[in-house]
Amino acid sequence: MPHDLLAEMVSAVPMPALMVDQTERIIAANTDAKTLLGQNIEGRHYATILRQPQVIDAMEQSLRTKGPAKTRHLANDGAQDTTFEVQCRYMKGVGAVDGGAVMAVFQDMTHLEQASQMRRDFVANVSHELRTPLTALMGFIETLRGPARDDVAARERFLQIMNDEANRMNRLVGDLLSLNRVESEERVRPKEQVELIGLLQSTLNSLRPLAENASVTLTLDAPSEPITLTGDSDQLRQVFTNLIENAIKYGGSGGVVDVRLTASERDTAMRGPAVRVQICDKGPGIDAVHLPRLTERFYRADSHRSRELGGTGLGLAIVKHIVNRHRGRLRVESDLGKGSVFTVILPR
């Protein structure tokens, strides 16, 4: 096969690909392979370019047996580690004196590796979150059957703790189901018209008992005229309920939670008409190191306090997916000792 035709064939492969003949030199490589391995790799011995032992062994095996081989190639693009699956296939009648050659194709598997790791982390986190209350329930049941069988005061105390732990598991399962539902609908655009000021007023009214118990004053600063946008009213209520409830629980020490609604014809974040809903508290704030990870599943800035207050670690993950479904943005600003501001930006 003419070399020009061979080079064209390798260039047509839509991922990094190169060819090594029986002289053990790279006789062709496409642009993606040169980006991955270096620009001047043609004519070089494959072992000096590929370097990783498992890749060299696979290439050597395919050249020797004239059969297929498969392995992994690890690289770093400067921002993250990447994993490639390398498939080697022998081709007859090409290369030096038409003695045959091996084509190696590099398929980027990084996204699959990341998805697999996320799944493992998710299962581990769910197992951990459920194991703690289950262990407590089993321990108290055993105690009530034994030493505390006739101790009325202890029995009442243990039953209250068992009730709290059961409620915690129920909230976790509820949030898991909610997260699954929100994720499944994330690519489906909402179609109903929602009047945002009325929705916020209704949400604040439902949370006033919680605020009063925490000695927190809730305020709403909004325009006088109605503001309507396309959205899912139930999901938007879930977003604002979660954020305002968090502000009461974690920022309530400041005594006030302000909800501010503003509308503009051109928002810098959306590059068009949008509304911004800001939930502001004057609590202890959040350390800047935690801000980028707040919307990760089960991530907590203060694990002990979150569990004490009944948090499942999924609320902000649900909020993020709902805001994404509405093609909006979620911004978090906080300074230690000065409170936090959660901003939901929604297109109109």
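In this report, we go over the structure that sits alongside the text. Position numbers for residues count from 1 along each chain, tracking the sequence in the order it is written. In keeping with the predicted nature of the model, local features appear solely for residues at pLDDT of at least 70, side-chain atom pairs appear and are counted solely at 80 or more, and the whole-chain, interface and lining totals rest on all residues. Processing note: side-chain calculations cover all non-hydrogen atoms of the structure and skip hydrogens and water entirely.

A separate point is helix H5 (residues 110-145). An α-helical turn contains 3.6 residues, so a residue and the one three or four places further along point in the same direction. Segments assigned H or I by DSSP are reported as helices when at least four residues long, segments assigned E as strands when at least two residues long, and all are numbered from the N terminus. One fewer than the residue count of a helix, multiplied by 1.5 Å, yields its expected span. Relative to the 52 Å expected for 36 residues at 1.5 Å per residue, H5 spans 52 Å between its end C-alpha atoms, a close match to the ideal helical length. Of all the bends in H5, the greatest reaches close to 25° and is centred on arginine 131; the proline proline 133 follows between one and four positions later. Along H5, the residues classified as buried are Thr110, Ser116, Val126, Glu129, Pro133, Leu137, Phe140 and Leu144. Take the seven residues that end at a residue and the seven that start at it, fit an axis to each, and the angle between those axes is the bend at that residue. Exposure is judged per residue with a 1.4 Å probe applied to protein chains only, and the accessible area is read against the type maximum: over 50% gives exposed, under 20% gives buried, and values in between give partly exposed.

Note on definitions: angles span 0 to 180 degrees between N-to-C directions of axes, and those axes are lines fitted to C-alpha atoms, for helices only across the stretch in contact. Where helix H8 (residues 233-251) meets helix H10 (residues 315-325), the closest approach of the two axes is 9 Å, and the angle between their N-to-C directions is 140°. In terms of crossing hand, the pair formed by H8 and H10 is left-handed. Contacts between H8 and H10 pair Gln235, Gln238, Val239, Asn242, Leu243 and Asn246 from the former with Gly315, Leu316, Ile318, Val319, Ile322 and Arg325 from the latter. Crossing handedness follows the turn of the near helix against the far one: under a right angle anticlockwise gives a left-handed crossing, and clockwise gives a right-handed one. Whether two residues are in contact is decided by their heavy atoms, any of which lying within 4.5 Å being enough.

Attention now goes to the sheet that holds strand E9 (residues 256-267). By this definition, two strands are paired if DSSP reports at least two bridges between them. As summarised here, the arrangement of the five strands in space is E7-E9-E10-E12-E11, forming an open sheet in which the pairing is mixed. Since the sheet does not close on itself, it has two edges, and those belong to strand E7 (217-221) and strand E11 (329-335), each with one partner. Averaged over all pairs of adjacent strands, the angle between their axes in this sheet comes to 15°, without regard to strand direction. In this sheet, strand E12 (residues 339-347) lies alongside E11 in antiparallel orientation, the contact comprising seven bridges. Bridging from a neighbouring strand, aspartate 335 pairs with glycine 339 of E12. Where H8 meets the sheet, its contacts fall on E7, E9, strand E10 (272-281) and E12, and the angle it forms with E10 comes to roughly 30°.

With that settled, the discussion passes to the layout of surface pockets. The rolling of a water-molecule-sized probe over the atoms marks out the regions of remaining empty space. Within this model, the second largest pocket holds a volume of roughly 440 Å³. Every definition here rests on a 1 Å grid over the protein atoms only: cavities are sets of points where a 1.4 Å probe fits but cannot get out, pockets are open sets enclosed by protein on both sides within 12 Å along at least five of seven lines, and lining residues have some atom within 4 Å of a point. Around the second largest pocket sit 16 residues that line it, and Met118, Asp121, Phe122, Glu296 and Arg297 are the ones nearest its centre. For the lining of the second largest pocket, the elements supplying multiple residues, two or more each, are H5 and H10. No other element matches the six residues that H5 contributes to the lining of the second largest pocket. Grid points are joined across faces, edges and corners, and a volume is the space filled by probe spheres set on the points.

Trans is the prevailing form of peptide bonds, just as negative phi is the prevailing case for residues other than glycine. Of note in this structure, glutamate 24 is not a glycine but carries a positive phi near 65°. Here glutamate 24 is to be found in the loop between strand E1 (17-21) and strand E2 (26-29). Accessibility expressed as a relative area gives 33% for glutamate 24, which makes it partly exposed. Here arginine 51, not a glycine, exhibits a phi torsion of approximately 65°, which is positive. Along the chain, arginine 51 turns up in the loop between helix H3 (46-50) and helix H4 (53-65).

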